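Coordinate inspection notes
Below, each chain spelled out in residue letters.
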Amino acid sequence: MHHAPVVVHRICPSGGRQVTLRTSNGEESLGLAHSDEDVIEFLRRAGMPDPDDVVLGGTELLVAWEGDTPHVYEADLPTEDLP
């Protein structure tokens with residue numbers, strides 16, 4: 001079974017998505033991203049070659065988007081009024 005080295009986790013209730021990098025030693029937290037630009041910067045700092053292509057290239061071999069739509073960082077708010 002293949003596991004993408006970059007994991008963009010589900011959207012946090014307050015917004016943003018945790019980004020982790022899978023390594024031979026486990027997972028390393030890279031930070032809380034609020035945009036694709038944040039994910040690209042995290043990967044650049046981690047030394048990943050061509051981070052723009054990794055994030056925007058759309059390959060599941062490199063990035064796993066967990067639980068929510070890829071490239072979305074804010075939770076949908078209810079559209080109806082709360083009592």
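About the cut-offs
Residues numbered from 1 in each chain as written. Predicted model: local features only at pLDDT ≥ 70, side-chain atom pairs only at ≥ 80, totals over all residues. Heavy atoms only, no water. Salt bridge = Lys/Arg side-chain N within 4 Å of Asp/Glu carboxyl O. Helix = DSSP H or I, 4+ residues; strand = E, 2+ residues; numbered from the N terminus. Buried < 20%, exposed > 50% of the residue type's maximum accessible area, 1.4 Å probe, protein only. Pairing = 2+ DSSP bridges. Axes fitted to C-alpha atoms, helices over the stretch in contact; angles between N-to-C directions. Contact = heavy atoms within 4.5 Å. Core = buried A, V, L, I, M, F, W, Y, C linked by side-chain atoms within 4.5 Å.

This structure, assessed with the given rule, holds three salt bridges. Salt-bridge contacts for Arg44 lead to Glu41; the nearest nitrogen and oxygen are separated by 2.4 Å. In this pair, Arg44 and Glu41 are both assigned in helix α1 (residues 36-45), three residues apart and thus about one turn of the helix distant. Assessed through its relative accessible area of 49%, Arg44 is described here as partly exposed. Its salt-bridge partner being Arg45, residue Glu41 comes within 2.9 Å of it at the nearest N-O pair. Here the residue Glu41 and the residue Arg45 both occupy positions in helix α1, the gap between them amounting to four residues, near one helical turn. One network of salt bridges, in which partners are shared, links Glu41, Arg44 and Arg45.

Sheet architecture is open: four strands sit in the order β3-β2-β1-β4, paired in mixed fashion. Of all strands in the sheet, those bounded by a partner on one side alone are β3 (26-33) and β4 (63-65). For this sheet, the mean angle separating the axes of adjacent strands, direction not counted, is 20 degrees. Sheet topology places strand β1 (residues 6-11) next to strand β2 (residues 17-23); four bridges connect them, and they run antiparallel. Counterpart to Val7 in the pairing with β2 is Thr20. Running over the sheet, α1 touches β1, β2, β3 and β4 and is turned about 140 degrees from β3.

Let us now look at the nonpolar core. A general feature of soluble globular proteins is that nonpolar side chains tend to end up buried together. Among the nonpolar cores identified, the biggest contains 16 residues, and Val6, Val19, Val39 and Leu43 are the most heavily contacted of them. Every element with two or more residues in this core is listed here: β1, β2, β3, α1, α2 (51-56) and β4. At four residues, the largest contribution of residues to this core is made by α1. The residues touching Leu43, leaving out its near neighbours within four places in the chain, are Val6, Leu30, Met48, Pro51, Val54 and Val55.

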